[in-house]
Amino acid sequence: MTALKDMIAAFRGRSEFPIEVEEVRDWLIKFGMQDEITFYPIEVNPGRLRGLVIRDRSIARPYAESLWMLSIGFWHKANPCWQRLVCCKEMMHAWDAQSSCVDNIAELKALCENLSSSLDMKDLDEAVWSDHLAVYKALAVLAPMEQIELLRKNYENGKITTYQIALLFRIPEVYVNDLFNPIYKRLVDCLVEGKYLSRPHNEPATA
Amino acid sequence: MTAQVNNLANLLSSTKEGFQFADIKLFVGSDRSTTAEELQEEVHKAVSQIRLGLVKPVDSIDKGIAKTNIGRFLA
């Protein structure tokens, strides 16, 4: 299975931003992760739900790999930065392990309960874990660490603002300070190398 | 609420012929007072719009968006 790090490598060396959501979609389709990815502008209460993804899989066929379809809904009145992050985050679920899939109503009810409650690490299950991590995977794609490091000095000395950085990458400004947090850099290293993808933080990774 | 849950289950199962529902994931909003029932209600609304064809898909989110060279911010 082609990895997140391959996608990030494909966009390496860029000087022009933002990376378009269509580029991410086209990469996922081209390199076999997904066969169809469709975006739907939906009417929801964005304070409660900004977006979602429904993944459908082809019924098992002998001697053939599964086909995957992603239907991604995003709040139709969100500003472009939020639309982009929601769509990109939902595409990151293409990498979700089977163990984190929510494929029945009981698990969906549990997901709603866990996502709506205050964060308690012992209650995290794989589905919730993958939802939280997918946001950071999307940010790692849309605002590559390579470029974050280039901007770091001017960010830290105040020569560029969080607004300017948000506009450059076309991501919500609320995430910009996170991108320069050393813990975020370690998280991205873990995500890109495939560690801790499906485990809570207090379980050791395998070698 | 049970009727809504049953309806949601039916909607999720009603996919293209030859396919089966495999996963759903959510991007929640910033309102931390949202209850599980309220979140489920929004999921039901969203899934209905997609599965019943009540909204048209878009070809592009941001194709052709104006680009900026990062060099502007490195001086």
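Just so it is clear, the structure is predicted and the values come from calculations on it, not from any experiment. (Residues numbered from 1 in each chain as written. Chains lettered and ligands numbered in written order. Predicted model: local features only at pLDDT ≥ 70, side-chain atom pairs only at ≥ 80, totals over all residues. Heavy atoms only, no water.)

### Let's talk about the sheet that holds strand 4 (residues 68-75) of chain A
Paired through backbone hydrogen bonds, the strands of a sheet run either parallel or antiparallel to each other.
(1) Moving on: Taken in spatial order, the four strands line up as 2(A)-4(A)-3(A)-1(B) in an open sheet, and their pairing is mixed. Whereas interior strands pair on both sides, the edge strands pair on one side only; in this sheet they are strand 2 (36-42) of chain A together with strand 1 (19-28) of chain B. Sheet twist, expressed as the mean angle between neighbouring strand axes with direction ignored, is 15°.
(2) Moving on: Bridging between strand 2 of chain A and strand 4 of chain A involves seven bridges; their strand directions are parallel. Counterpart to A:Thr38 in the pairing with strand 4 of chain A is A:Ser71. (Pairing = 2+ DSSP bridges. Helix = DSSP H or I, 4+ residues; strand = E, 2+ residues; numbered from the N terminus. Axes fitted to C-alpha atoms, helices over the stretch in contact; angles between N-to-C directions.)

### Considerations on the side chain of A:Arg50
(1) Moving on: Tracing the sequence through the fold places A:Arg50 in strand 3 (residues 49-58).
(2) Moving on: Of the side chains bearing the opposite charge, A:Glu90 lies closest to the buried A:Arg50, which forms no salt bridge; the N-O distance is 9.6 Å.
(3) Moving on: Residues in contact with A:Arg50, not counting those within four places in the same chain, are A:Gly73, A:Phe74, A:Trp75, A:Trp82, A:Val86, B:Phe27, B:Val28, B:Gly29 and B:Ser30. (Buried < 20%, exposed > 50% of the residue type's maximum accessible area, 1.4 Å probe, protein only. Lys, Arg positive; Asp, Glu negative; His and termini not counted. Salt bridge = Lys/Arg side-chain N within 4 Å of Asp/Glu carboxyl O. Contact = heavy atoms within 4.5 Å.)

### Thoughts on the packing of helix 1 (residues 2-13) of chain B against helix 2 (residues 36-51) of chain B
All names here are of chain B.
(1) Moving on: The interhelical angle for the contact between helix 1 and helix 2, taken along N-to-C directions, is 35°, at an axis separation of 10 Å. Crossing hand, helix 1 versus helix 2: left-handed. Residues Gln 4, Val 5, Asn 7, Leu 8, Leu 11 and Leu 12 of helix 1 form the contact with helix 2, whose own contacting residues are Gln 40, Glu 41, Val 43, His 44, Val 47, Ser 48 and Arg 51. (Left-handed = near helix turned anticlockwise from the far one by under 90°.)

### Describing unusual backbone geometry
All names here are of chain A.
(1) Moving on: With an omega of 10°, the peptide bond between Phe 17 and Pro 18 qualifies as cis.
(2) Moving on: With respect to the helices and strands, Pro 18 occurs in the loop between strand 1 (16-17) and helix 2 (21-30).
(3) Moving on: Positive phi values are uncommon outside glycine, yet Arg 170 reaches one of about 55°.
(4) Moving on: By the secondary structure assignment, Arg 170 is in the loop between helix 7 (162-169) and helix 8 (176-179).

### What about the interface of chain B and chain A?
(1) Moving on: Chain B puts 55 residues into the contact, and the matching count from chain A is 76 residues.
(2) Moving on: Where chain B touches chain A, the interface holds eight salt bridges.
(3) Moving on: In this structure, the salt-bridge partner of B:Asp62 is A:Arg84, at a minimum N-O distance of 2.5 Å.
(4) Moving on: Applying the counting rule to chain B against chain A returns 39 residue pairs in polar contact (both at pLDDT 80 or more).
(5) Moving on: Counting only elements with at least two residues in the side of chain B that touches chain A, the list comes to helix 1, strand 1, helix 2 and strand 2 (68-69) of chain B. (Polar contact = N/O pair within 3.5 Å; in protein donor to acceptor, adjacent residues only side chain to side chain.)

### Describing the pattern of salt bridges
(1) Moving on: Counted by the stated rule, this structure contains 16 salt bridges over all chains.
(2) Moving on: Linking A:Arg25 and A:Asp26 is a salt bridge whose minimum nitrogen-to-oxygen distance equals 3.2 Å.
(3) Moving on: Residue classification places A:Arg25 among the buried positions, given a relative accessible area of 15%.
(4) Moving on: Between B:Asp23 and A:Arg55 there is a salt bridge; the shortest N-O distance is 3.3 Å. Of this pair, B:Asp23 sits in strand 1 while A:Arg55 is found in strand 3, placing the two residues in two different chains.
(5) Moving on: Among the charged side chains, a network of salt bridges with common partners joins A:Arg48, B:Glu38, B:Glu42 and B:Lys45.

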